[in-house]
Structure formats: C-alpha cells, structure tokens
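# Examining the three-dimensional arrangement
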Amino acid sequence: MIQTTICCGKCGSTALRKNGHSKGKAKYLCTACRHQAVFTPAAPRKAAQYAQVEKLLVERVSQRAIVRLTGVSRMTVAKLAKKSAGQPALAAQAKPAPGAGVG
Ligand SMILES: [Zn+2]
C-alpha cells in the first residue's frame, strides 16, 4: 500500500483541499492558513525526517526513542543506523544542520 501524505508547506497542516491545477499538477489550498500551492508529496518531509534520525543516531539515542521522537518506523531507523555505521567518518562529524533544532 502506498500512502502519500501531503502537508501544507507553510504551516504543515494536512487539512488541504484541491484548488485547480497548474502545469498538470493539482494545486491545493490549505484550509488552515489559506496558503495555496502545488504541494509535493512526502519526499522532502521524509528527507528532513531522515536527516533528524541520522543526527539522533550520532547522539547515540536509542532506536525506540528515535521512533517516539520522529514517528519514523523502527525498521527504517534500523536501516539508517546500519547505513551510518558503515560510514564512521561521516557519523563522527556531526555537522550542525541549519534550521534543524532538536526539540
Ligand atoms: Zn497551511
């Protein structure tokens, strides 16, 4: 099953309704903040989530805690942990990402 969740790019709300289309893609209107745009599916949001997961893995946070914090599936966290373990130089850097505050 493929489930795509589209969120508002401005407020992150999922309360959207279709509002015409542009260049063959559906435009959406956020009913929460009235922002209107062609919202892309989950890809950018997932990339941000995975970046946060990798950051937490560097901080030695347990996988189940990462699941609670980010909402990413534990198997995905395990996959990312395995991937980052293969790159110890990258994991040791722990570069600060702009705008990615730890909450
Ligand atoms: Zn919105």
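Every chain's residues receive numbers from 1 upward, in the order its sequence appears when written. Note on the predicted model: pLDDT of at least 70 is required for a residue's local features to be given, and 80 or more for side-chain atom pairs to be given and counted; whole-chain, interface and lining totals, by contrast, use all residues. Water and hydrogen atoms play no part in the side-chain values, which are based on all heavy atoms of the structure.

The protein chain carries the name IS1 family transposase in an unreviewed UniProt entry, which gives Hymenobacter lutimineralis as its organism.

## Regarding the overall build of the protein chain
Labels follow the DSSP assignment, with helices taken as runs of H or I lasting at least four residues and strands as runs of E lasting at least two, numbered in each case from the N terminus. Counting its secondary structure elements, the protein chain contains four helices and three strands. Burial status across the protein chain gives 22% buried among its 103 residues. Pairs of residues are marked as contacts when any of their non-hydrogen atoms sit within 4.5 Å. Considering only residue pairs separated by 6 or more positions, the protein chain has 26% of its internal contacts joining residues 24 or more positions apart. Approximately 7500 Å² of the protein chain is accessible, and the part contributed by carbon and sulfur atoms is 55%. Accessibility here uses a 1.4 Å probe with only protein chains present; expressed as a share of the type maximum, an area under 20% marks a residue as buried, one over 50% as exposed, and anything in between as partly exposed. We get accessible surface area from the Shrake-Rupley algorithm with a probe of 1.4 Å; when it comes to residues, only the shown protein chains can shield them.

## As for helix H2 (residues 63–70)
Along H2, the residues that are buried comprise Ala65, Ile66 and Thr70. Angular distribution of buried residues about the axis of H2 spans 110 degrees; they occupy a single face of the element. In this structure, H2 carries Arg64 and Arg68 as exposed residues pointing more than 90 degrees from its buried face. Note on H2: the residue one or two positions beyond its end, Gly71, has a positive phi of about 80 degrees. Think of the arc as the fan of directions from the helix axis to the C-beta atoms.

## What about the side chain of Ser84?
For Ser84, the position within the fold is in helix H3 (residues 74–85). Two N or O atoms form a polar contact when they lie within 3.5 Å of each other; inside protein one atom must be a possible hydrogen donor and the other a possible acceptor, and for residues adjacent in sequence the pair counts only when both atoms belong to side chains. From its side chain, Ser84 meets the backbone oxygen of Ala81 in a polar contact 3.1 Å long.

## Notes on unusual backbone geometry
A positive phi is found at Lys23, a non-glycine position, where the angle reads about 55 degrees. Along the chain, the position of Lys23 falls in the loop between strand E1 (16–22) and strand E2 (25–30). Overall, the relative accessible area of 84% leaves Lys23 in the exposed class. Here the phi dihedral of Arg60 falls at roughly 60 degrees; this positive angle occurs in a residue that is not glycine. Here Arg60 is to be found in the loop between helix H1 (43–58) and H2. By relative accessible area, Arg60 is classed as exposed at 77%.

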